[in-house]
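Read off the chains here:
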Amino acid sequence: MAAWTGQKKEGQRQQGLEDVIRNKMFHFICVTISWFCLVLPIVLCDNLFCNYSPIIEKEKTPVIIATECSANKTCYRADVRYGKQTVLKGLGCIDKNKCDKIENYLLKGVVYTIHYDCCDWEFCNTFSDKSVSTSLCPTVALVTVAVAANVVWPHMPLVV
């Protein structure tokens, strides 16, 4: 009877060890998938991140959001003029061949001229005259993976 009880305890210990290994493998796979989905695309892709705001009146306060340009596009800041007066403004992504060109822009039956001022680094297009490069996307992705790893492995200290 004692031998059977010892075998039962050894079997339970073995099962517990297998559960721990299976659990750690699951957590490792989750973190690996998170890394491939969140960090790798940011590091490897050549797409440019820019500010976006639809064309609005110059005096209005814009709502600016981040956007990712598709391939062969760059960031722009648009000044829309009626005569010599700038009346509208906008931010976003544009084909590189439209940069530094003046085009006609028809809005509500009025023809304006639009000038696209382009730049080619992260979030370089702003409404101010000072362009600041703030590349936070890789940092945000790394922090997200670190937080996800802490959720998956709650007993490990979070080091950021």
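The rules behind the values
Residues numbered from 1 in each chain as written. Predicted model: local features only at pLDDT ≥ 70, side-chain atom pairs only at ≥ 80, totals over all residues. Heavy atoms only, no water. Phe/Tyr/Trp six-rings, centres within 6.5 Å; stacked < 30°, edge-to-face > 60°. Helix = DSSP H or I, 4+ residues; strand = E, 2+ residues; numbered from the N terminus. Buried < 20%, exposed > 50% of the residue type's maximum accessible area, 1.4 Å probe, protein only. Lys NZ or Arg CZ within 6 Å of the ring centre and 35° of its normal. Pairing = 2+ DSSP bridges. Salt bridge = Lys/Arg side-chain N within 4 Å of Asp/Glu carboxyl O. Axes fitted to C-alpha atoms, helices over the stretch in contact; angles between N-to-C directions. Core = buried A, V, L, I, M, F, W, Y, C linked by side-chain atoms within 4.5 Å. Contact = heavy atoms within 4.5 Å. Disulfide = S-S within 2.5 Å.

**Focus on the packing of aromatic side chains**
Consideration 1: What the rule picks out here adds up to three aromatic pairs.
Consideration 2: Centre to centre, the rings of Y76 and Y116 are 5.3 Å apart; their planes meet at 85°, and the pair counts as edge-to-face. Here Y76, found in strand β3 (residues 73–82), pairs with Y116, found in strand β6 (residues 110–119); they are 40 residues apart in sequence, far enough to count as distant.
Consideration 3: Relative to Y112, the ring of Y82 has its centre 5.8 Å away and its plane inclined at 65°; by these criteria the two rings are edge-to-face. Here Y112 lies in strand β6 and Y82 lies in strand β3, a separation of 30 residues in the sequence.
Consideration 4: By relative accessible area, which is 51% here, Y82 ends up exposed.
Consideration 5: Judged by its relative accessible area of 14%, Y112 is buried.
Consideration 6: When the ring centre of F127 is taken as reference, the NZ or CZ atom of K89 above it lies at 4.5 Å.

**Brief notes about the pairing of strand β1 (residues 49–57)**
Consideration 1: Bridging between β1 and strand β2 (residues 65–68) involves four bridges; their strand directions are antiparallel. Across the sheet, Y52 pairs through a bridge with I65, a residue of β2.

**As for the pattern of salt bridges**
Consideration 1: Applying the stated rule across the entire model yields two salt bridges.
Consideration 2: Measuring nitrogen to oxygen at the nearest pair gives 3.5 Å for the salt bridge that ties R77 to D117. Pair noted here: R77 is in strand β3 and D117 is in strand β6, with a separation of 40 residues, a long-range link.

**So, the sheet that holds strand β5 (residues 102–107)**
Consideration 1: Judged by pairing direction, the sheet is antiparallel, and its six strands sit side by side in the order β2-β1-β4-β3-β6-β5 without closing on themselves. Lying at the two open borders of the sheet, with one neighbouring strand each, are β2 and β5. Neighbouring strand axes in the sheet, compared pairwise and without regard to direction, differ in orientation by 40° on average.

**Re the pairing of strand β4 (residues 85–95)**
Consideration 1: Bridge analysis of β1 against β4 gives three bridges, and the strand direction is antiparallel. For I56, the partnering residue across the bridge sits in β4 and is K89.
Consideration 2: With antiparallel pairing between neighbouring strands as the criterion, β3 and β4 make up a hairpin whose turn holds two residues, including G83 at a positive phi of roughly 75°.

**Remarks on the nonpolar core**
For soluble globular proteins, nonpolar side chains are generally found buried alongside one another.
Consideration 1: If you look at the biggest cluster of nonpolar residues, it comprises nine residues: Y76, A78, V80, L88, I94, C99, Y112, I114 and Y116.
Consideration 2: Secondary-structure elements contributing two or more residues to this core are β3, β4 and β6.
Consideration 3: Setting aside residues no more than four positions away along its own chain, Y116 makes contact with Y76, R77, A78, I94, K98, C99, D100, K101 and E103.
Consideration 4: Listed in part, the six residues of the second largest apolar core include L48, C75, C119 and C124.

**Regarding the state of the cysteines**
Consideration 1: Counted according to the given criterion, the structure contains four disulfides.
Consideration 2: Across the disulfide, C50 is cross-linked to C75 (sulfur-sulfur distance 1.8 Å). Residues C50 and C75 share a disulfide whose torsion about the S-S bond is about -80°; that sign makes it left-handed. Residue C50 is found in strand β1, and its partner C75 is found in strand β3; the two are separated by 25 residues along the sequence. Of the two residues, C50 and C75, neither departs from the other in class, the shared state being buried.

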